[in-house]
Amino acid sequence: MAQTEFFRPGNLAAALDLLDQYREQAVIVNGGTDIVERIAHGGVRRAAIIYIHEIPELRGIGEGDGFVRIGGAVTYNDILASPLCCQFTALEQAVKEIGSPSIRVRGTPAGNLGTAVPAGDCCAAMMALDAEVVAASRQGERAIKLADLIIDYRRTALAANELIREIRIPVVPGGKTASAFLRLTSRKGQDIAQASAAVRLTLDGDVCRHAVIAMGSVSKVTVRAYSLEKAVAGKTVADAAEEIKAMVPAEVALRAADNPAFAARPTANIERQYKESVIGVIVARAMMTAYGKILAGEQ
Amino acid sequence: MEKLDIVGQSKQRVDALVKVTGQAKYSADLRRPDMLIAKALFAKYPHAIIKSIDVSKAEKLDGVAAVMTAKDLPGRNGYGILVPDKPVIAERKTKYEGDPVAIVAAVNLDTAEKAIALIEVVYEPLHAYDDPREAMKDDAVKIHEQHPAAEKGNILCVLKLDRGDVDKAFAEADIVIENDYETPMVDHAYLEPDIAIAELDSTTGGLILTSAGQAVYATKRCLAPVFGLPQSKVRVVAPVIGGGFGGKEDSTLDVCAVAGVLALKTRRPVYFELTRAEVFRTTGKRHASYIKHRLAANRDGKIVAIDVQTILDKGAYVSMGGTKAPLHGVTMRTLVYAGGTYAIPNARARAYSVFTNHPYSCAFRGFGAPQVQFAVECQIDELAHRIGMDPVAVRTLNMLKDGDMTITGQIMKESRGLGLGECIQKVTQRIKWDQPIDHGKGPVRRGKGFGAFIYGTGIPLAFEGSSAFANLELDGTLNVAVSSTEMGQGIATTVAQLAAQTFGVKYESVDVVFSDTGRSPDSGPTVGSRSAVMVGNAVAEACRQLRSRLLEVAGKQFFQADPSTLTIKDGLVYVEGRPENAEKVATIAARAFVSQVPLSVIGTWFPPQPTFNSADGQGEPYHAYGFGAHAVEIEVDTETGVINVLRSVLACDVGKAINPAIVEGQMEGGAAQAVGYGLMEEPIMAAGVMQNTGFHNYMIPTTKDLPDLESVIVEHSNELGPYGAKGIGEPPLIAGAPAIRNAIYDAIGVKINIIPLTPRRVLEAIRQQAGQAR
């Protein structure tokens, strides 16, 4: 095949011009911790590599209009160092376990969302936090809710000429609301989630008024656990947690034939059984952690 | 007694600086632009008849220098350390997915890969065997239609050990404990993939092979017939190696064979490197084992008999599995260690080595001992629980002591070092074994577990022994040459310390040449926890010869004194007690040089002849044994099955730590590998095809999975070892996995006899037990 061209645009406009020119023939490299491996091993071959990681407009974290705004090239380590981001416990907990120190210095939440794999820890955290992304192209910008962004395994609603300029997380007043993220891995370092859960919990006294629950690695995409959200509403947190521990939420879709993460694996059945038997526990524990956060804040 | 000021010190490793600064040259660093790049087309089906191969399109591709199939080979199409049963290129049949079907050399990697893709092969797939218990059945398809060593069908060999009256002992015993155990195939997961560079030797007309291998002489001997060359025309060099763990005793043959025949064919240098996925799919693994272990004991805790059947997954080729003759291999070790480190008067053990369509099972740290001793250490724990005795007390009661006999009939001698008692005492003290542990109340429970081990130093074969070369330079420095390889374990440093101490120069005055058949005599392979002792003794012997020659000259020509009154220390020669009147070693060496005194010597050392009878398992396979005790504290998450190792305390009796930092390195490495072996490492095989062929899905522990690994060195001197040393390379791995398993039982009362103890397996066992209790 023809040679691959490598571009390192110096600003956002230049990047969007290139994207507009190459469209499907381009691959965006941000932190590169996932895509570079796929490019190197031949899984992804495009005419142009557009490297956006050093674009200044994409590197900031700010606040405005009721959102914390995280630039598209902000790294995991930037998140961990940010006083603005530390209010989102689920995000912090998701980010601090991703990959390894060398991954976290390069990898980006925007890249994690754009990759759209079911094990993406930021995907689950951002979904529970009700985040949205701002997609930019030469034609302009649009906001996409996270639930609408991820449409299939490794597929997003982004057009070929769009990139994630920023991620926005709505700021929710503290006191009665807190979030948490928990994942189960085969080992403690450099691994992806076997099952993960992010929960944003809002209390009414001791009772769970509202919970947003997102789950990772239990379907071909990150999913909201609406069934659990409904099940826990109006119950005390302790009761709710005990109840969901043993549940396999309806949104767990490991047996779906079109799940490419499982399709070809001879061990898929064993993996499914294990995931199904622990996902309730993971969600319950994440919920209890969020609950603990609220209680700690009240003291 | 001689005061030791070099041996016993944690001297900075001779290779430390070049390695931490990235300057050390590994095999891949020696690649040059003039080299052709080799690639292999590996079998598409792990078990298949090859109907036809068409290489014509590949041959026509621009930049391809050679395409070879089995019919193009220059010599014997078969090699192996013990039995030459592995083809360089599969001819009629594929037996595992690592069999090359065709090989290519091209001007660059891209062209080589394209050429490989152009080769057309028609196969007739056969049923692929994953389980030796299935493959050993009478009606199984024979994987090797004709095998030079196989006994029957797919059964390569059955080895036996018989001692005492086992049936009577079982009939009379108070307690019989019978369990089935399974241990997995494991990849060595060395950091450096397999690489070979083959070049024509313009002087001899032979070949020079440069490869990350653990046994340069064995490589030469195994592969000379493949190349159709006399052994004298094959030179094998191993640069520094990025980890071997036993695997590179064999895998180096695979890559050297391919690179070598392509170099002979093209008359050009050839570079061949396996990708990581190819390393996983094609190179050797630890023998998976299926063990039926019966143990008989009296109510007082004394073990009276064992009856053990071990079925080993041999994979496709003999490799280091061993046969009845030649014997040396993993299979016989499963007999030797079937009773662990305990004195057991009656023993029966049977070991079946069975071909499957898996990667060939080869040497891997512990060589059969981690398999059977996993079973033994679980059995003895269960014995303790059954009779209400402390698990450590049962071990102490039964452990081999001075004068006791092993199940192979060998008498244990304190003079060769029997430090298990001290290891047990040190470990239990440190982990506070006698204090009850708080098991916890919530879903996460805690427990403590214990394991002990025995492991022989060296290779239990008639040829065991070493040669080393020492050359005194005229400036007083010393060159030592050994054929051992430096794969991170530190042998070059150990050898330098032994040489400096024995001869009497500063540590910094010794330089060590290693692993080059053109530059060093045969020190034997770097395997079997043998090098510090076997090679160390040969080096010490060479240095003693040099020392006495030098003292002879010094006595006669300088001091007019009896040489026995002289000493050499720090490069100075003087009358004992009078260092103020010293002469430099260099001065005396220069005089010796002009006095026809030879300053180049070969030192050799052979242990007492190892013996072992494959018909009854009796003999004295090793001159000395290392011992150890390993205790862990763990956490079990009963809702997810996740095990967290909180503490690991390992004590090893090493005879003498030549370099304590290096010994601790071996111990920490072994303890870490034990966590992987016990908790997570497992190739997933489906009809002979490995499913997890990358480090993202083949799990090995990271530092985050390990607690602070505590190591305690115990030294019960081996009268035949250099300065008392015994082997320490492999032993630290052995007892970790059973200790973890026993700790899970302590924490939650659930008995799991299959490793690795993955969260899935643990959770399943917990739920099964809860289900039965209901």
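On a predicted model such as this, the values are computed, not experimentally measured, just so you know. (Residues numbered from 1 in each chain as written. Chains lettered and ligands numbered in written order. Predicted model: local features only at pLDDT ≥ 70, side-chain atom pairs only at ≥ 80, totals over all residues. Heavy atoms only, no water.)

**Q** Quick question: what am I supposed to make of the state of the cysteines here?
**A** Every disulfide links exactly two cysteines, by a covalent bond between their sulfur atoms. All names here are of chain B. Summed over all chains, the structure comprises 0 disulfides over all chains. Not engaged in a disulfide, the cysteine C222 finds its nearest cysteine sulfur in C256; these two sulfurs lie 11 Å apart. Residue C362 stays outside any disulfide, its sulfur separated by 13 Å from that of C222, the closest cysteine. Here C362 falls in the buried class, since its relative accessible area comes to 1%. (Disulfide = S-S within 2.5 Å. Buried < 20%, exposed > 50% of the residue type's maximum accessible area, 1.4 Å probe, protein only.)

**Q** Just to check I follow, could you spell out the interface of chain B and chain A for this structure?
**A** Many structure descriptions define interface size as the accessible area lost when the parts assemble. Facing the 22 residues of chain B at the interface are 18 residues of chain A. Buried surface at the junction of chain B and chain A, both sides included, amounts to about 1,800 Å², of which 55% is carbon and sulfur. Summed over the three residues of chain B that lose the most area to chain A, namely B:E639, B:K704 and B:R760, the buried surface amounts to 30% of that side. Where chain B packs against chain A, one counts 4 salt bridges. Here A:K245 makes a salt bridge to B:E639, at a shortest N to O gap of 2.4 Å. Where chain B packs against chain A, one counts 10 residue pairs in polar contact (both at pLDDT 80 or more). Residue assignment for the side of chain B that touches chain A shows that the elements contributing at least two residues are β25 (643-653) and α18 (759-773) of chain B. Take the side of chain B that touches chain A: its biggest share by element is 4 residues, from α18(B). (Contact = heavy atoms within 4.5 Å. Buried area = accessible area lost by both parts, 1.4 Å probe. Salt bridge = Lys/Arg side-chain N within 4 Å of Asp/Glu carboxyl O. Polar contact = N/O pair within 3.5 Å; in protein donor to acceptor, adjacent residues only side chain to side chain. Helix = DSSP H or I, 4+ residues; strand = E, 2+ residues; numbered from the N terminus.)

**Q** What's the story with the packing of aromatic side chains in this structure? I'm lost.
**A** Aromatic ring pairs are described here by two measures, namely the spacing of the ring centres and the angle between the planes. Across all of its chains, the model carries 12 aromatic pairs over all chains by this definition. Taking the centre distance of 5.5 Å and the plane angle of 50 degrees together, the rings of A:F7 and A:Y22 count as tilted. In this pair, A:F7 is assigned in strand β1 (residues 5-7) and A:Y22 in helix α1 (residues 12-22), connecting sequence segments 15 residues apart. Centroid distance B:Y622 to B:Y625: 5.4 Å. Interplanar angle 70 degrees. Geometry classified as edge-to-face. Three or more aromatic residues joined by ring pairs form one cluster here, namely B:Y337, B:Y455, B:Y622 and B:Y625. Directly above the aromatic system of B:Y271 lies the positively charged group of B:R31, at a separation of 5.1 Å from the ring centroid. The lysine or arginine in question, B:R286, covers the ring of B:F364, its NZ or CZ lying 4.2 Å from the ring centre. (Phe/Tyr/Trp six-rings, centres within 6.5 Å; stacked < 30°, edge-to-face > 60°. Lys NZ or Arg CZ within 6 Å of the ring centre and 35° of its normal.)

**Q** Honestly, helix α10 (residues 237-245) of chain A in this entry has me stumped. Any pointers?
**A** Owing to its 3.6 residues per turn, the α-helix brings residues three or four apart onto one side. Within the sequence span of α10(A), burial applies to A:V237, A:A240, A:A241 and A:I244. Burial along α10(A) is one-sided: seen end-on, the buried residues are contained in an arc of 100 degrees. (Arc of directions from axis to C-beta.)

**Q** How do you make sense of the nonpolar core when you look at a structure like this?
**A** Generally speaking, a soluble globular protein has its nonpolar side chains buried in company with each other. By size, the foremost hydrophobic cluster in this structure holds 124 residues, and its most contacted members are B:Y337, B:F450 and B:I740. In terms of residue count, the dominant contributor to this core is helix α10 (residues 369-387) of chain B (9 residues). Ranked by size, the runner-up nonpolar core spans 73 residues in total, among them A:I169, A:C208, A:A211 and A:I244. (Core = buried A, V, L, I, M, F, W, Y, C linked by side-chain atoms within 4.5 Å.)

**Q** What exactly am I supposed to notice about the environment of A:I192 here?
**A** All names here are of chain A. Looking at the element boundaries, I192 is found in the loop between β11 (177-185) and β12 (193-204). Relative accessible area serves as the criterion here: at 55%, I192 is assigned to the exposed category. Spatially, the C-alpha atom of I192 lies 9.0 Å from that of S217, the residues being 25 residues apart in sequence. Apart from the residues within four sequence positions on either side, I192 is in contact with A119, R183, L184 and T185.

**Q** Whenever I open this one, the pairing of strand β20 (residues 566-569) of chain B confuses me. Can you help?
**A** Moving residue by residue along a regular strand, the side chains alternate between the two faces of the sheet. Residues and elements named next belong to chain B. Strand direction decides the pairing type here: β20 and strand β21 (residues 572-575), joined by 4 bridges, are antiparallel. Residue pairing in the sheet places K569 in a bridge with L572 of β21. Remark: 2 residues form the turn of the hairpin made by β20 and β21, two consecutive strands paired antiparallel; D570 in that turn has positive phi of roughly 55 degrees. (Pairing = 2+ DSSP bridges.)

**Q** Even after reading the chapter, I still don't get the side chain of B:T183, so can you show me in this structure?
**A** Residues and elements named next belong to chain B. Along the chain, the position of T183 falls in strand β8 (residues 175-183). Residue classification places T183 among the buried positions, given a relative accessible area of 4%. A distance of 2.6 Å separates polar atoms of two side chains, one belonging to T183 and the other to S289.

**Q** Sorry if this is basic, but what is going on with the domain arrangement of chain B here?
**A** All names here are of chain B. Domain boundaries in chain B define domain 1 (16-24 + 465-605), domain 2 (31-126 + 197-280) and domain 3 (289-460 + 612-773). Each of domain 2 and domain 3 has a C-alpha centre, and these two points are 36 Å apart. Contacts between domain 2 and domain 3 engage 22 residues on the former and 29 residues on the latter. Interface area, domain 2 with domain 3, both sides summed: about 2,200 Å², of which 64% is carbon and sulfur. (Domains from an automatic or database assignment.)

**Q** What should I look at first to understand the sheet that holds strand β23 (residues 600-605) of chain B in this one?
**A** Residue and element names in this part refer to chain B. Ordered by their spatial adjacency, 4 strands build an open sheet running β19-β18-β17-β23, and the pairing between neighbours is mixed. The sheet terminates laterally at β19 (510-514) and β23, the two strands that pair on one side only. When strand polarity is set aside, the average angle formed by the axes of neighbouring strands in this sheet is 20 degrees. Its contacts with the sheet put helix α13 (residues 491-503) on β17 (466-472), β18 (478-482) and β19, and the angle it makes with β19 is roughly 135 degrees. Each of β17, β18 and β23 is contacted by helix α14 (residues 531-559), which is oriented at about 140 degrees to β23, the strand it contacts most. (Axes fitted to C-alpha atoms, helices over the stretch in contact; angles between N-to-C directions.)

**Q** In this structure, what is going on with the environment of B:S251? I would like to understand it.
**A** Residues and elements named next belong to chain B. Among the secondary structure elements, S251 is positioned in helix α7 (residues 251-266). Each C-alpha atom, one on S251 and one on F503, is 37 Å from the other, the two residues being 252 residues apart in sequence. Those residues in contact with S251 that lie beyond four places of it in its chain are Y190, D194, T283 and Y360. There is a polar contact of 3.3 Å between the side chain of S251 and the side chain of Y190.

**Q** How do you make sense of the sheet that holds β20(B) when you look at a structure like this?
**A** Adjacent strands of a sheet pair through backbone hydrogen bonds, lying either parallel or antiparallel. All names here are of chain B. Within the open sheet, the 3 strands sit side by side as β20-β21-β22. Their pairing is antiparallel. Looking at which strands have only one partner, the edges of the open sheet turn out to be β20 and β22 (583-584). Packed onto the sheet, α14 meets β20, β21 and β22 and runs at close to 120 degrees relative to β20.

**Q** Teacher, can you tell me more about the packing of helix α4 (residues 89-96) of chain A against helix α7 (residues 121-128) of chain A here?
**A** Two quantities define a packed helix pair, namely the angle between the axes and the distance from one axis to the other. Residue and element names in this part refer to chain A. Between α4 and α7, whose axes approach to 9 Å, the crossing angle comes to 180 degrees. Viewed along their axes, α4 and α7 adopt a mutual orientation that is roughly antiparallel. The residues of α7 that touch α4, namely those facing A90, L91, A94 and V95, are D121, C122, A125 and M126. Split by residue class, the contact of α4 with α7 holds 7 nonpolar, no polar and 1 charged. (Parallel < 35°, antiparallel > 145°, perpendicular 65-115°, else oblique. Nonpolar A, V, L, I, M, F, W, Y, C, P; charged D, E, K, R; others polar.)

**Q** Before we go on, may I ask you to explain unusual backbone geometry in this structure?
**A** As a rule of thumb, non-glycine residues mostly have phi less than zero, and peptide bonds are mostly trans rather than cis. Here the residue pair B:I755 and B:P756 is connected by a cis peptide bond, since its omega of 5 degrees sits within 30 degrees of zero. Even without being glycine, A:D65 reaches a positive phi, approximately 55 degrees. A residue is classified by how much of its surface remains accessible, and A:D65, at 67% relative accessible area, is exposed. Positive phi, normally seen in glycine, also occurs at B:Q560, with a value near 45 degrees. Take B:Q560: it is sitting in the loop between α14 and β20. Residue classification places B:Q560 among the exposed residues on the basis of a relative accessible area of 60%.

**Q** What should I look at first to understand the pattern of salt bridges in this one?
**A** Pairing of side chains with opposite charge becomes possible as their charged atoms draw close. Evaluated as defined, the whole model comprises 69 salt bridges over all chains. A:K235 serves as the salt-bridge partner of A:E243, at 3.2 Å between the closest nitrogen and oxygen. With its nearest N and O atoms 3.1 Å apart, the salt bridge here joins B:R350 to B:D162. Of this pair, B:R350 sits in strand β15 (residues 346-355) while B:D162 sits in strand β7 (residues 155-163), and the two are 188 residues apart along the sequence.

**Q** Sorry, what's going on with the packing of α10(B) against helix α11 (residues 391-398) of chain B here?
**A** Residues and elements named next belong to chain B. Here α10 crosses α11 at 115 degrees, and the two axes come no closer than 8 Å. Considered as vectors, α10 and α11 are oriented roughly perpendicular to each other. α10 and α11 meet at a crossing whose hand is right-handed. Judged by residue contacts, E377, I380, D381, L383, A384, H385 and I387 of α10 engage P391, V394 and R395 from α11. Here the contact of α10 with α11 is built from residues that sort into 6 nonpolar, 1 polar and 3 charged. (Left-handed = near helix turned anticlockwise from the far one by under 90°.)

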